[in-house]
Amino acid sequence: MRSIHYSTDPMHRTSILQQLRTYRDQWPDEVDMTDRLIDFVEAHANCFDRSLSMGHITGSSWLVNCTGTHVLLTHHRKLNMWLQLGGHVDGNPDVLEAAMREAREESGLQDLKPIMPQIFDIDIHLIPERKSEPAHFHYDLRYALQTSGSEAYVVSDESHDLAWVEIAQLNKVTHEESMLRMARKWLAL
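Residues numbered from 1 in each chain as written. Predicted model: local features only at pLDDT ≥ 70, side-chain atom pairs only at ≥ 80, totals over all residues. Heavy atoms only, no water.

**Student:** Could you clarify how one ought to interpret the layout of surface pockets in this entry?
**Tutor:** Picture a little ball the size of a water molecule; that probe, rolled over the atoms, points out where space is still empty. By volume, the largest pocket amounts to about 840 Å³. Lining the largest pocket are 38 residues, and of these H76, G86, G87, H88 and H138 sit closest to its centre. Every element with two or more residues in the lining of the largest pocket is listed here: β1 (55–64), β2 (70–76), β3 (82–88), α3 (95–107), β5 (121–127), β6 (136–147) and α4 (177–188). By residue number, the principal contributor to the lining of the largest pocket is β3, which donates 5 residues. When grouped by side-chain class, the residues that make up the lining of the largest pocket number 7 nonpolar, 14 polar and 17 charged. (1 Å grid on protein atoms, 1.4 Å probe; cavity = no way out; pocket = protein on both sides within 12 Å on 5 of 7 lines; lining within 4 Å. Points joined across faces, edges and corners; volume = space filled by probe spheres on them. Helix = DSSP H or I, 4+ residues; strand = E, 2+ residues; numbered from the N terminus. Nonpolar A, V, L, I, M, F, W, Y, C, P; charged D, E, K, R; others polar.)

**Student:** Looking at this structure, I do not really get the pattern of salt bridges. What am I missing?
**Tutor:** A side chain with one charge can pair with a side chain of the opposite charge if their charged atoms come near. Applying the stated criterion across every chain yields a total of 15 salt bridges. Two residues, R24 and D35, come together in a salt bridge whose shortest N-O distance is 2.7 Å. Here the residue R24 occupies a position in helix α1 (residues 14–26), and D35 occupies one in helix α2 (residues 31–43), the gap between them amounting to 11 residues. On the basis of relative accessible area, D35 is assigned to the partly exposed category, the value being 28%. As a salt-bridge pair, D121 and R142 come within 3.0 Å of each other at their nearest N and O atoms. Of this pair, D121 sits in strand β5 while R142 is found in strand β6, placing the two residues 21 residues apart along the sequence. One continuous salt-bridge network, built from bridges that share partners, spans E30, D121, D123, D140, R142, R181 and K185. (Salt bridge = Lys/Arg side-chain N within 4 Å of Asp/Glu carboxyl O. Buried < 20%, exposed > 50% of the residue type's maximum accessible area, 1.4 Å probe, protein only.)

**Student:** What is the right way to read the environment of L189 from this model?
**Tutor:** Among the secondary structure elements, L189 is positioned in the segment after α4. Leaving out residues up to four positions away in the same chain, L189 has contacts with M116 and F120. (Contact = heavy atoms within 4.5 Å.)

**Student:** Help me understand α1 in this model?
**Tutor:** It helps to recall that an α-helix has 3.6 residues per turn; residues three or four apart then point in one direction. With 13 residues, α1 should reach 18 Å at 1.5 Å per residue; the first-to-last C-alpha distance of 18 Å fits that figure. Buried residues of α1: I16, L17, L20 and Y23, and no others. Each buried residue of α1 sits inside an arc of 120 degrees when the element is viewed along its axis, so together they form one side. Away from its buried face by more than 90 degrees, α1 exposes Q18 and D25. Residues of α1 that are buried in the fold lie against α2, α3, β5, β6 and α4. (Expected span 1.5 Å × (residues − 1). Arc of directions from axis to C-beta.)

Okay, here's the thing in structure tokens:
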């Protein structure tokens, strides 16, 4: 695990708070969850650090293929479910950068580009207790990315498997509401 130390000065949270406020205006149906996330970031200078045991910011990717018809999912090893790529930001307040790093590490795909610089989706979810850590929340910021080169992925040790899943058929792979919400958003673009 890589450890990066960033400033605990409140200014390092300014960009993400601005993105969250813009997101709240864009998605008024998600205002309650967005306000919870904003409150969390405002209350915890170390919100980007996984050592904050109650929870922390994570960065994920809605990673689509070159044609935008399929999304790359991981069958997550620890959670044993199909999810978007992503993980801990390791102290990095540039969550888009961290989400891109995680997508590259988990898929082996290197030619990735953000479709948009703003947050595509958010979610707050409980991570169950394990031997090495207590139950805690992931305050997940999700960014839309696209491959611009090869779509041949490599399965990392964090996954049981990876798969390109047709977005219009995502409900056949998962019933996770946050995943289906991202599919609805993508199909509406």
